[in-house]
Amino acid sequence: SDSLISEKDLPILNLLNEAEKLLLSKQTSKAKDAFQKLINSNPESPRARFGKAEALNKQSEEEKSNKLLQECIQAYGEVAQLQNCPVELKKKTLLLKADRQTFLGHLKAALQTKLQLAREFPTDANVVNQLGVGYLYVGKNNKAKQSFERVLQSHPGNGFALVHLGFITKIQGDWKKSIDFLLPGIHTLAEGTQQGKFYFHLGDALHRTNRTEEAKAIYKLGAERGLFRSKYQRSLYNVERLKSRPYWTAQQAKVTDYVKKLESNWKIIRDEAMKVMDVKKGLFVKEEESLKNTGEWRQFTLFQRGKKEVDCKRVPKTCALLEQMPNAIGCKRGQIKFSIMMPGTHVWPHTGPTNCRLRMHLGLVIPQTGDGVRIRCADDIRTWEEGKVLIFDDSYEHEVWQNAETFRLILIVDVWHPDLSEREKRNLMPI
Ligand code: LMR
Ligand code: MN
């Protein structure tokens with residue numbers, strides 16, 4: 001459009017158009033050369049510099065080259081620095097620069113670019129929203145909140161600002177208030193609002209404030225819109241083709257040998273855990289993901305993300321046994337941990353992050369007193385048995401009640417989903 005053109009572009013408009021055609025017809029490197037030639041003869045033409053940046057962007061994608069991406073980021077910045085850069089082009093090029101910086105993982109640099117944008121375009125809702133996201137990416141949640149609030153002051157129905165503000169409010173623990181942002185936010189259907197995490201947290205906030213029917217409706221809607229695998233299976237980091245069901249047998253999970261090892265050594269494992277519980281209480285740390293409604297729940301982690309924790313040596317026999325289970329200790333999307341739960345504990349319904357693992361629970365101390373202990377996964381409520389392994393898929397909604405009179409102790413061992421290839425196990429990003 002005209003607002004993207006500067007008077008410095010006018011003398012070479014035909015040549016610019018030709019170079020742009022090369023870019024559109026995927027002759028990326030020819031296009032880059034053409035734009036470079038135009039820069040050499042007309043160094044103040046914003047469109048020539050912008051064209052080169054676009055060519056570098058395409059080329060960096062084609063060649064998967066970070067070096068070219070760095071050059072591209074530099075080039076977008078040079079467009080904005082030109083005296084006569086049209087305002088709209090400046091906004092566009094800086095937004096692209098920030099986007100590429102984010103893609104490259106340069107989150108602080110991206111935030112600086114967004115701050116520059118917000119100084120120049122302080123009333124632009126998209127710019128200020130992007131600034132909010134920039135703050136979120138570097139963990140400055142309160143700053144992010146302020147950005148989204150600023151957008152909502154001038155644009156009260158802005159869906160993007162609503163869902164992001166709701167998301168931060170929810171993870172900060174204000175369930176009730178988060179609903180007032182998330183619910184209208186997702187219903188705008190605006191760009192950027194249809195993400196699983198917004199439905200995930202909205203449903204959770206509704207559930208925790210006793211609006212359980214509305215929570216179910218949101219999960220159902222999320223599944224219908226393809227954001228969840230199903231209303232119960234709401235993990236967000238998935239390999240789509242994997243077969244899923246709430247509970248698995250050892251045969252189905254292809255872990256009969258692991259189960260045999262765990263079940264025939266369960267007393268040794270239990271005794272080691274009990275010993276460190278008594279003398280080294282500090283190894284068991286409180287569950288910190290705010291999954292718990294009431295009570296007390298502690299965990300002692302031995303492996304996570306495929307790596308051994310130093311304190312594994314406190315339970316040497318257990319650790320040596322686990323070392324014989326490559327699909328467990330090598331599970332980069334899981335953990336191995338003791339889990340102790342005190343009477344009076346209720347764990348909110350929740351969902352793990354990924355469908356790439358299955359979760360084995362080895363019962364170690366399972367009290368039968370009072371109302372007992374129970375786990376629900378999807379629609380099915382079960383309990384543990386001492387010396388027996390229970391296998392479930394924690395990417396499905398699950399919930400736990402500890403209403404016995406004494407503590408419950410289990411060993412949690414995550415294993416790779418049996419359908420994953422060795423290549424996938426190597427290459428999946430750890431969680
Ligand atoms: C869970 O995996 O969320 C719980 O079942 C863990 C536990 O200790 O019961
Ligand atoms: Mn869980």
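Refer to the structure presented above.
The paragraphs below set out a description of the structure included in this document. Note that the structure is predicted; figures quoted are calculated from it, not measured.

## Side note on the coordination of the manganese ion (ligand 2)
Stage number 1. The manganese ion (ligand 2) binds to the protein through His350 (NE2) and His398 (NE2), with metal-donor distances spanning 2.2 Å. One end of the pair, His350, is in strand β7 (residues 345–350); the other, His398, is in strand β12 (residues 398–403), and 48 residues separate them in sequence. Neither His350 nor His398 differs from the other in exposure class; each is buried.

## Things to note about the packing of aromatic side chains
Stage number 1. Summed over the entire model, instances satisfying the criterion amount to 6 aromatic pairs.
Stage number 2. Note on Tyr219 and Phe228: the rings are 6.3 Å apart at their centroids and 65 degrees apart in plane angle, and the pair reads as edge-to-face.
Stage number 3. The class of Phe228 is buried, set by a relative accessible area of 5%.
Stage number 4. When the ring centre of Trp384 is taken as origin, the NZ or CZ atom of Arg408, which lies over that ring, is 4.6 Å away.

## A few points about unusual backbone geometry
Stage number 1. Of note, Asn210 is a non-glycine position whose phi angle comes to about 70 degrees, a positive value.
Stage number 2. In this fold, Asn210 is placed in the loop between α11 (196–208) and α12 (212–224).
Stage number 3. When its relative accessible area of 69% is taken as the criterion, Asn210 is described as exposed.
Stage number 4. Phi at Lys254 takes a positive value of approximately 55 degrees, unusual for a residue other than glycine.
Stage number 5. Position of Lys254 among the secondary structure elements: in the loop between α13 (250–253) and α14 (256–264).

Each value, and the rule that gives it
Residues numbered from 1 in each chain as written. Chains lettered and ligands numbered in written order. Predicted model: local features only at pLDDT ≥ 70, side-chain atom pairs only at ≥ 80, totals over all residues. Heavy atoms only, no water. Donors = N, O, S within 2.8 Å, 3.2 Å for Na, K, Ca; no water. Helix = DSSP H or I, 4+ residues; strand = E, 2+ residues; numbered from the N terminus. Buried < 20%, exposed > 50% of the residue type's maximum accessible area, 1.4 Å probe, protein only. Phe/Tyr/Trp six-rings, centres within 6.5 Å; stacked < 30°, edge-to-face > 60°. Lys NZ or Arg CZ within 6 Å of the ring centre and 35° of its normal.

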